[in-house]
Structures are given as structure tokens and as C-alpha cells.
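So you can see what is in the structure, the chains are spelled out below.
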Amino acid sequence: MRFSSSPHRAALWLFCSPLAFSVAHAATPHKAHNTTKHLQAKPAAQAKTVPVQTTQTQRSASKYATIKTAQATGAEQIIATGRHSRSEQTVGHLQMQRTLPGINPIKSLQILPGVVFNNADPWGNNEQNSSLVIHGFNQNQLGYTLDEIPLGDQAYGNYNGLSPQRAAISENFASASVATGAGALGTASTSNLGGTLQFTTQDPLHYAGGQLSQTFGSWSTFRTFARIDSGDFGNGNSAYVSWGRQDARAWDFAGHQGGNQVNAKFVHEDTKNKVSVFFDWSNKVEPNEDGIVMPNGEGMYVRPFMYPNTSEAIKYYQNSPEYKNAGLNYRNYYSAAQREDFLMYTKWHHDFSQDLKWDTNIYYHHDMGEGVVAGPISAAGLPTLFSAYFPSQSSSQLSDVFGGSGMATRTTEYWDNRGGIMSTLRYHLGQHHIEVGGWYERNNNTQARRWYAFDATNPTTPYDRQQNALIKQYTNYFYTNTWTTHLQDNWQISRNFSLNAGFKSELVYTNGKLPVAGLPGSLSPSTAITVPGGTIATAKPFLPSFGALWNITKHEQWFANIQENMRSFQAAGYGNATPWGVTSQAAFDDFKKHGKPETSWTYETGFRTNRHVNAGPLTNISGQLEYYHVHFSNRLLAVATTQTLSSIVGSATTLTNVGSVTTDGMDFSFTAQFGRHFSFYNALSYNKSVYNDNYMNGTTMVPTAHKNVAGVPNWTEKFVASTTWGDFNAQFIGDVVGKRYTTFTNDLHANAYAQFSLNAGYDIRGIPHIRSLRVQGNITNLTNEKGWSTLNTNNASGQYTAFPIAPRMYFLTISATF
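The structure presented is a predicted model; accordingly, all values stated were derived computationally and were not measured.

Draft legend 1. Structural context of the overall build of the protein chain. When you go through the protein chain residue by residue, the secondary structure sums to ten helices and 41 strands. Counting contacts in the protein chain only where the partners sit at least 6 residues apart, residues at least 24 apart contribute 71% of the total. With the model as given, the accessible surface of the protein chain reaches about 28600 Å², and the carbon-plus-sulfur share is 59%.

What follows is the structure, encoded as C-alpha cells:
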């Protein structure tokens, strides 16, 4: 939508709902740190420009003017905007780094209504133990982009993307936005059933400078960030290069999590063009926390690995009654996620005229990943697996085969090469704003399961890439071509009322191959096989969208949106909820003929306000109230055909359509500003997501109809209390998550929890040759709350896996900008 530049029209863009914190220091490395200028939430009538956090659909001269103004003042207003016919909210760079320097930008969105994020570490970086729920949808049913470049569906078993914290260094993020209902039609995603998360990186600054930051903290945390900016070096050119390194001990065992990352960005900008070139290299290793299988592990809270105590582990597996009686909760030696990524893109924005604009993005991503686990060869299911490959070996002989330690090293190895192009044309014709665009991606990915020796005299570690596999159990190749197009029109019917309508076409063709098949008897059950598969198309040529926006007054706004979305099938094999994960070719062929992809219809409407008031200490109030209804159809579930005692083996599954889900909910959030020094933000959310159908597991009916969706809390409450006094600022942050059912039949649940954190910082100025020296302290999980964070829910098996909340931790960051 487009408004005139009059104060009345521009004010309607600057809705601070629901988050409007004042700031008292420079927000980002690319902004000068030589000012103490204080930005408050402005009265709507005084607002002159759109917020800095502007989406790609609103690129215009006013955007660039706003950015330059913000850079000149050296301050940034952190807001969650409401300027579309759908709900979209934004957290800026400043709030990310205040919450915790080095934070995963997804975790920074945790303060927004409707967003429930859990992770095993305080930064939110550990991907295996990570979970995200937005309005009843999990993280693999959402869309993710970085500077409009697709990041895939965030599956831990990497196949079509990478996590945002691997795509860019935390300190280089400019903003993180979430559309909690439905994302923009042009979003480069084929998984966004329930919303879109968009991340933007900072541009280089216009003056030569740099930043050096060092964080120290609990559990031997040592994080370093360094960045050098060239400044403008002629003809509208500027660039930066930066490096980040993190090392922190896992809080319940001796593994160290972290790695190295490099970013570089070049920008050329003139009156008609903006060209951006971005590069990211990331090499990270994250030893994982392990979960407790409940209710078997009642009374347990942590399940630490034994690494690096090899001799202790060997004795434990050979002689320990604890191991023999531990069942599902036996201790592995270690587990880790190893990931190396290269991501590059080139973006070109061109103004043919004031009314005709064009954007084209070309990108390439290469990933080499490995999930590795070391544990006993006698764990349930493994003797059967190994006997298929070494049929003549006894148990003691098998131990010798694997290095004489009684242990083996298992990997799931990933290779991913994907590249694509996006192009969008925007045309302003009278009262119409027409947009047409397309996206093509070619993705070649491989997933392989392999087993390696664990030599007692030369043991493997969580940080090694394995060599010389003893067993190449199975390997899948996938070749995916993705085509999407979209067309939409935003019609400004009157000065205060607009309608938009459009549609998206989504065509995804995946060819799965099986160059290495699992041997007969090596899977669970022994009759299961890995299947060669074939090609399946996920196609829906018409996914419509309709919206309306009414500026009721210069302070209040009403919005509504209706949209249909589709999720393409994941390109993954055995043990996954995909057509290629079934255990007979007949089942694959049947699904190819009769199977349907997951789809959703999202309905959302809401009201926003932003008013300057004169009510004693209260000077500004802004907020948003939203109601949403979602109908989710053709929900796919990998129903296990057997229950095994060890997740290291996995279990054969049947891909089952288990019916539909209905979701109704409300989000209410507001920010109250009390003069120049205090603000209080609060977000209360209610969600009711319900299974509509029972389903069959073999010959057994699973009674899930009218039960709450597992893992989704009905209530959440978030708040941030902020204070600013000159160069000092502090925040008290709260996150309350209600009870979550952990099985589809709702017979088990995890209790509610409340976590709190503190941050405080001070900017020291006037030091020669240093623009600003900032000292910041953070305390996470302030009350040392114990409870369950990420949950691996189960389909009526009477059990689930729960990961513990990280304990209270302390951090100190010293950051100098030059």
C-alpha cells in the first residue's frame, strides 16, 4: 500500500503496536555512537516517515530517506509495525543485542505475541533441541527468508536451507519480523502454512569504522565479534567484512558449542539502482543436550553425555547396572551437530521510473552437515542391525569389529547444493499498486546413514568428521525444482480505505533416488526396506489472498486478511514424514497416486492504535488486538509401525493423513510509554488448536478428535519493562508459557513455566579515537526455573521426550566502536 507524504497519511504507517521501546544509545555497529539523543514513541500526528524496518514490497525513496535519517541521528526506534492488511511485527537490532549479545534472531522474536520458542542454550543456537510454535504450527510449517533469500523450513535433518544464525552473524542482523498469520505472497517459501519469519542484514555504514566486542560468561563462554567498514569509497560504494567466534561449554556435560563465521557485504547505490552482494561462511559444531524420555525418566532432569571420559563410558556399558536398567534413558557417549555452510547472493533493485520498480535476486547455498552420535553397540535394536552386515560375528567379535570399545559411531550425513533466482516487478497505476513476480530454485541434496568404528585407543570426538565407514546403511539423493509465481493488486479505493487481492502458484517437483539401500533385516521392523521412490509433484496453481485496510482515524487502523497456503513434501527418506520415508515401493506408489499435501486457510482481523496521551506519567499508548481462525487440512504424520527402545536405530513409519486441525486464537499487546525514562510492553495470547479427527495406527483407532494439539500452549504471557537514563538502560523481561499436552491423546502434559531475564548497559563516551565503549550485563533464567523447554511429542504412545530448561547464567559484554 502507498500513502501520500502528508503528515496524516504518513502517520498511519507509524503504528508502534505493539512494541515501542525508547533507546538511549546507538543501536547498531553501522550507526554512529556519538549521540545520546533519545527517541520516544511519537504521536501519530507528528510522524513523518515510515519505520526503518520496511519490507521488500515497500522499497521506495522514503525508505532510503528514513534509513539515512536514522544513521545520521545514531538512534533507532525499536517497533513492531502494523502497516499491512495482515499482522506483521518487527524486533530491531538493538533489542536483539540487548536481550543477549550473539542471540539467534528467532529467539529475539520470543517476546512477540503468539511466538513460543524453546532451546537448550540461552542464545537459541542449538538446532537439535530447538522448537518454535506460532499459532499452532511448528517450525517446519513456517517460512523463513534472509534479505528475501529462502532459508528453507529449518528441519534439523538439513535438506533445503540453513538456520538464520548460520546464514549471518547475530551482530549483523538489522531486524527480525514475523507475520503470525500469513506471509506476503512473494515470500520465497514452500512451507509457510502458518506464517513467515523475515530477517534482514545491515548495510555497510557510510563512514570508515569498526566494532570489536567480547563476551564472557557462565560455562566458559567466550564470544568475539569484529567488524571493519570501508565507509563510502566513491560512486555510491561501501562494504564491510566481519568475523564472529563463539565457544561455550554445554551446561550439563563437557562438550563445547560454537565455531567460526565470516560475513562480507558490498553495496552500490545511486539514484536508480541499489546492488547488494552478500557472503556468509559458517563452520559450527554443537554438541547436543539429551532429553529425558517421560514418564520413564520420572525424577530425572538431565541426561548428560559421558564425553570425554572414554574409560568411564566403556565401564558403564560393560558392567553398569544403571545402564542395563536405564532402558530408554541410557546415556550415550556424545551427540553433536556439525555444519559448514557457504551462502552468497546478489540483489539488484532498479527504478525504471517513480512508478515502475524491479528487483532481482540470485543466490547459491552449499552445505556439508553431519549429525553424529557415539554410543553402545548393545543398545536395543543395534545387534539386529549389525548382524545384517556381519552375519557371522558373535557379540564379542562385533565389539572387535567396531574398535574393541563396545561402542560405535553413527552419522547422518548431509550435502546440499541449491541455487535460485527471484524477480519482482512493481507498478503504480493510478490507485492501483500491481506486483508480479516469480521464484525458481534447483536443490540437489543427499542424506546418508553410516556407521564407523569407535577405537578405544583412538576414540572419535564430537568435533571430528568421520572417515572410512564400516557400514553404509542407506543413501538418498533428491533433486527438486521449485517454481512459484504471484500476482497481486493493492487498490487504494479512498483516502483511508484499501483492498488487496492476489494469488500464488506453487509447483514443486522432487525426484528421490536410492543409490544405497538398507540391507534386509537391518531396519526396524526387520521386514522394512528403504525404497527407491521416484518423482512426486506438489502443485497448486491457485492459492488466493484477500485483504483490507481501513484507517479509521489518524490514530486507529483496522485490518483483515484471508489467505490459502500449501506446504510441499520434505525431501527426506527413511523414518521421516515424507513419501520417500515409507517402507515399501507399493506404499510410495499409492501415496503418489492418492496423497495430498498439507494446506491451510488463514483468517485474521485486528485493530491497531497509537496515541499520544497526557494522563499524568503516561505519555503514549500503542497496541494491537488480533483474532485469527485457521483451518489446517491433510495433516501428515509419520506413524511408527514399531516402538523401539533406542532412537539411535529409528523405526519404520507409515505416512498417514490424519485429518484436519482447527485453530482459534487472540493476541493482545500494548506498549505504555511513561515520559522519556520508562516504558512497559505486554503481550497476552490465547490459542486453541484442536484435532478434528481420529486416525488409524494399523488396526488400532487413535482417539485424537477434539483433543488439543500436542506441544501448543493455550496461554502465553510476555512482558518487557524498560528504563533509560542518559547513557544507562536496563530491561526486565518475562516469558510465561502455559501447560502443553505432550501426547496426541492429551493423557500426558508438561507443566507451565515462567522465565525471567535482566539486562543493563552503559555507554562510555569521550574516549579518544573510540566513538563509544559499551558495557552490558545479562542474566538469563533469573530465578533458575526448572521445567521442560523443547518437547518431542508422540502419537499416543504414552511417552514423550523433554529437554530441560538451561539454568541461570551470567554474561558480560564489552563492545567498542571506532
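Draft legend 2. Spotlight on the sheet that holds strand β7 (residues 143–146). If you trace the five strands from one edge of the open sheet to the other, you get β3-β9-β10-β7-β8, paired in mixed fashion. Where the open sheet ends on each side, the last strands, each with one partner, are β3 (89–92) and β8 (149–150). Pairing between β7 and β8: two bridges, direction antiparallel. Residue pairing across strands places T145 opposite P150, the latter belonging to β8.

Draft legend 3. A look at the pairing of strand β19 (residues 404–429). Judged from the 21 bridges that link them, strand β18 (residues 356–376) and β19 form a sheet pairing that is antiparallel. When the sheet's bridge partners are listed, G375 is paired in β19 with A408. Sheet topology places β19 next to strand β20 (residues 432–455); 23 bridges connect them, and they run antiparallel. In the strand pairing of β20, L429 is matched with H432.

Draft legend 4. Broad picture of a nonpolar patch on the surface. Together, F216, F222, F674, F678, W725, F728, Y762, I764, V775, L812 and I814 give the surface a local cluster of nonpolar side chains, amounting to about 920 Å² of exposed area. Among the secondary structure elements, those contributing two or more residues to the nonpolar patch are β37 (753–764) and β41 (809–817).

Draft legend 5. Quick look at helix α6 (residues 310–319). Residues of α6 that are buried include every one of T310, A313, I314, Y316 and Y317, and no others. For α6, the angular spread of buried residues about the axis comes to 160 degrees, placing them on one side. Counted as exposed and oriented over 90 degrees from the buried face of α6: S311, K315 and N319. Contacts from the buried residues of α6 go to α7 (321–326), β18, β19 and β20.

Draft legend 6. Highlighting unusual backbone geometry. Between M294 and the following residue, P295, the backbone shows a cis peptide bond with an omega angle of 0 degrees. Relative to the helices and strands, P295 resides in the loop between β16 (292–294) and α6. That bond from Y307 to P308 is cis: its omega, 5 degrees, falls within 30 degrees of zero. Of note, N468 is a non-glycine position whose phi angle comes to about 65 degrees, a positive value. Position of N468 relative to the elements: it lies in the loop between β20 and β21 (471–492). With relative accessibility at 71%, the residue N468 sits in the exposed group. In this model, N784 sits at a positive phi of 55 degrees, which is unusual for a non-glycine residue. Note that N784 resides in the loop between β38 (772–780) and β39 (788–792).

Draft legend 7. Inspection of the sheet that holds strand β5 (residues 131–134) at higher detail. Taken in spatial order, the three strands make up an open sheet running β4-β5-β6, and their pairing is antiparallel. Looking at which strands have only one partner, the edges of the open sheet turn out to be β4 (115–118) and β6 (137–138).

Draft legend 8. Representation of the packing of aromatic side chains in the model. Per the counting criterion, the structure on display carries 38 aromatic pairs. Between F137 and F632, the ring centres sit 5.2 Å apart and the planes meet at 55 degrees, which makes this aromatic pair tilted. One end of the pair, F137, is in strand β6; the other, F632, is in strand β26 (residues 618–633), with 495 residues separating them in the sequence. For F137, a relative accessible area of 3% translates into the label buried. For F632, a relative accessible area of 6% corresponds to the buried category. Summarising the aromatic geometry, the rings of F569 and F591 are spaced 5.4 Å apart at their centres and angled 70 degrees between planes, so their arrangement reads as edge-to-face. On the criterion of sequence distance, the pair formed by F569 in the loop between β24 (556–567) and α10 (585–594) and F591 in helix α10 is long-range, its members being 22 residues apart. Take F569 and F591: they sit in the same class, and that class is buried. Each member of the aromatic cluster is reached from another via a ring pair, and the members are F668, F670, F680, F719, F732 and F756.

Criteria and thresholds
- Residues numbered from 1 in each chain as written.
- Predicted model: local features only at pLDDT ≥ 70, side-chain atom pairs only at ≥ 80, totals over all residues.
- Heavy atoms only, no water.
- Helix = DSSP H or I, 4+ residues; strand = E, 2+ residues; numbered from the N terminus.
- Contact = heavy atoms within 4.5 Å.
- Areas by Shrake-Rupley, 256 points an atom, 1.4 Å probe, with all protein chains shown as cover.
- Pairing = 2+ DSSP bridges.
- Patch = residues over 30% accessible without salt bridge, like charges linked within 9 Å, V, L, I, M, F, W, Y side chains within 5 Å.
- Salt bridge = Lys/Arg side-chain N within 4 Å of Asp/Glu carboxyl O.
- Buried < 20%, exposed > 50% of the residue type's maximum accessible area, 1.4 Å probe, protein only.
- Arc of directions from axis to C-beta.
- Phe/Tyr/Trp six-rings, centres within 6.5 Å; stacked < 30°, edge-to-face > 60°.

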